[in-house]
Amino acid sequence: MSNWSAWLFPCLVLLTPGCLPLEADDVREPEAQQQSLPGSEVIDFASASTQANTDASGKSGGMAVLKTNSANCTVGAYADCYAQYIEFSPSYSGSLSFNLSSLTQAAPTPAQVTQLSLLTKYQGPGVAASYYQWQLYRFSTSSWVSIANSQGRGDWVWTPALTLALPTTEVASNFVSSTGEIRARIIKGAGTDAAQLDSLRLQVAWDISTTCTAETDAAFCARQGASCGQVSGTDNCGQARTVASCGACQSPRTCGGGGTPNVCGEASSCTVAAFPKGTTWMWDLEHNAIPTNLNAQVYVVDLFNTSTAKIQEYKTAGKKVVCYFSAGSYEDWREDANQFPQDTYCTPGENCAQSVHIMGDWCTAGGGCEWWLDHRKQAVRTVMTARMQLAKNKGCDAVEPDNIDGYSHDDEISCTDQACWGLTAANQLEYNRWLATTAHSLCLGIALKNDVDQVPALADSFDFAINEECQRFNECGAYKTWFTNKNKAVFNAEYRKDSSGDITNWTSCTGTGATCACGESGFAQGDMRTLVFSTASVRYDNLQFTCW
């Protein structure tokens, strides 16, 4: 590609006047490179051994019915579907056969398989006298290899979404036959108790080598929809790429000045709303209308449930309006839910109704469901940009993007991060800063919602903070240092009875006692504004008291 076409292409594609070319020295010419294409997918078994269960409970059928019963349990990855268990009686041994031909995302050869993991949900005995174990068949030696057993996992403790990976000392390809078959089995030890399962599936990981020709910087910029500024993303070969400059803008246009990041535009005059310390607030995410005369300077309401007319009514009454939306989760009941590609919230090959990305208790039978998003994907950011544009169009002064701490570890589930996408702290910082930059480009203020551990790194990018239960967990100190001391508001919510059922008998005292909601140590009175709700239902008429 000539230097002329390399810089002209993104300008023509974007139809953006005021675009200057990439410098000739900065244009990357296409080059062939050896590329590793790793991937993974969860598959169900193709066939099962026919040995039946002999347990007296009547939950019979053995391994063959596991797939059907697993599909019937649709209330989430962490649900305890007792009625769907299959009970495997003492001394039972049953096997399942999986096959690489079931994969839909790629077609690896046996030699390209890099890891095998059994995914299961179960209850059962944990004692040595009556344990049960999972095994995979090593074709290279014609022998079964134990992957894990129930000992030490708790006696009759519901264990959700357990991932049992092949030990690192084993070579995964040795467990795949020349025809692509993989065998798994469960062995129930002797004793009196049965093993109970409602799911057993296989996750296959692979690494396929191929050759890919990397696109030019200009083509990368065009595909990202960028005509100016530094841009980071994934190139056509799946590799991380940062282009120092996708071009420059001619005055009076500036990069992002028209409200779209990395696109030349002319800024309109605007001032982002200020939220100084001591500002009072009301938080209601359930009603589509609340009284205009509540004792609060800021109303935080749901972006989708609140009409443009109602937002204007609040502003006419002198309120600043902050609009809530989730920036880290997929909510299947939202009006823009169809804008999310499925692979942004559900791993390809998963039964999405039982996905490991489901947000714990937020999925209920017959109701809405919520999944953690992989916010590294551009499609997620496209939706979030549209949501912030909707907030601007409706007249919101600022936004409250929720669930922006998906990277953080949660000991209750068997993933390296809370969202189960392999998100890192650096991924979260980059995404959260992108949210702030995008909001400000639209002349919107933005709240840092929770994400307590990253407050020091993010405070300068955000205009105020909203936190849940920092008093209960003694985590408010960072907000004083990084928000209050910089004259930025800190909005805190506590619950007498939270979503987990835990009760804290908060009172409106101002001392430093364990239940003094209005006396957080280290804050001057009024510096942090606290709302105490009776339950975890966030609405104005569920408010126990305020700390004004």
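Read on for a plain summary of the structure. Model, not experiment: these values are computed from the prediction. (Residues numbered from 1 in each chain as written. Predicted model: local features only at pLDDT ≥ 70, side-chain atom pairs only at ≥ 80, totals over all residues. Heavy atoms only, no water.)

### Focus: the nonpolar core
Counting 55 residues, the largest nonpolar core has M384, M388, L435, Y479 and F483 as its most contacted members. Those elements that provide at least two residues to this core are β18 (298-302), α4 (308-316), β19 (320-326), α5 (378-394), α6 (425-441), β23 (445-449) and α7 (455-458). Among the nonpolar cores identified, the runner-up in size contains 30 residues, and L96, Y132, A172 and L197 belong to it. (Core = buried A, V, L, I, M, F, W, Y, C linked by side-chain atoms within 4.5 Å. Buried < 20%, exposed > 50% of the residue type's maximum accessible area, 1.4 Å probe, protein only. Helix = DSSP H or I, 4+ residues; strand = E, 2+ residues; numbered from the N terminus.)

### Here's the deal with the packing of aromatic side chains
What the rule picks out here adds up to 16 aromatic pairs. Aromatic pair Y137 and W144: ring centres 5.1 Å apart, planes at 65°, arrangement edge-to-face. Y137 gets classed as buried once you look at its relative accessible area, which sits at 14%. Relative accessible area serves as the criterion here: at 26%, W144 is assigned to the partly exposed category. A cation over an aromatic ring shows up here: R241 above the ring of F220, its NZ or CZ 5.3 Å from the ring centre. (Phe/Tyr/Trp six-rings, centres within 6.5 Å; stacked < 30°, edge-to-face > 60°. Lys NZ or Arg CZ within 6 Å of the ring centre and 35° of its normal.)

### Observations regarding the pairing of β23
Buried residues dominate β23, accounting for five of its five residues. Alternating residues of β23 divide into G445, A447 and K449 and I446 and L448, and every residue in both groups is buried. By the bridge criterion, two bridges tie strand β22 (residues 398-402) to β23 in an arrangement that is parallel. Looking at the pairing, V399 lines up with I446 of β23. The sheet contact formed by β23 and strand β24 (residues 464-468) spans three bridges and is parallel. Opposite A447, over in β24, you have F464 as the bridge partner. (Pairing = 2+ DSSP bridges.)

### Looking at the state of the cysteines
Evaluated as defined, the whole model comprises nine disulfides. Residue pairing for C228: its cysteine sulfur links by disulfide to C255, the two sulfurs lying 2.2 Å apart. Because the torsion about its S-S bond is 90°, the bridge between C228 and C255 counts as right-handed. Here C228, found in the loop between α3 (217-223) and β12 (231-234), pairs with C255, found in strand β15 (residues 254-255); they are 27 residues apart in sequence, far enough to count as distant. Residue classification places C255 among the partly exposed positions, given a relative accessible area of 39%. Bridging C518 to C547, the disulfide has an S-S length of 1.9 Å. Taking the sign of the S-S torsion, about -80° here, the bridge from C518 to C547 comes out left-handed. Remark: C547 occurs in strand β27 (residues 543-547) and C518 occurs in the loop between β25 (490-495) and β26 (528-533); sequence separation between them is 29 residues. (Disulfide = S-S within 2.5 Å.)

### Considerations on the sheet that holds strand β17 (residues 281-284)
Here we have nine strands laid out as an open sheet, ordered β17-β18-β19-β22-β23-β24-β25-β26-β27, and mixed in their pairing. Single-partner strands in this sheet number two, and they are β17 and β27. Strand-to-strand twist across the sheet, computed as the mean angle between neighbouring axes with direction ignored, equals 20°. When β24 meets β25, the two strands line up parallel, connected through four bridges. Looking at β25, one finds that I466 is bridged to F491. (Axes fitted to C-alpha atoms, helices over the stretch in contact; angles between N-to-C directions.)

### Some words on α6
Since the α-helix turns once every 3.6 residues, residues separated by three or four places project in the same direction. The first and last C-alpha atoms of α6 sit 24 Å apart over 17 residues, in line with the 24 Å expected at 1.5 Å per residue. Looking at α6, one finds that the buried residues are Q428, L429, Y431, N432, W434, L435, A436, T438 and A439. Against the buried residues of α6 lie α5, β22, β23 and α7. Two residues or fewer past α6, C443 is found with a positive phi of approximately 65°. (Expected span 1.5 Å × (residues − 1). Contact = heavy atoms within 4.5 Å.)

### Re the pattern of salt bridges
Going through the model one piece at a time under the given rule, you end up with 21 salt bridges. For the salt bridge of R241 with D217, the shortest nitrogen-to-oxygen distance reads 2.8 Å. Of the two residues, R241 sits in strand β13 (residues 240-243) while D217 sits in helix α3, which places them 24 residues apart along the sequence. When its relative accessible area of 8% is taken as the criterion, D217 is described as buried. (Salt bridge = Lys/Arg side-chain N within 4 Å of Asp/Glu carboxyl O.)

### Some details on the sheet that holds strand β3 (residues 47-48)
Overall, antiparallel pairing links the five strands, which are arranged β3-β5-β10-β7-β8 in an open sheet. Each having just a single partner strand, β3 and β8 (143-149) make up the two edges of the open sheet. Where strand β5 (residues 93-99) and strand β10 (residues 181-188) come together, seven bridges link them in antiparallel fashion. The partner of S97 across the bridge, within β10, is R183.

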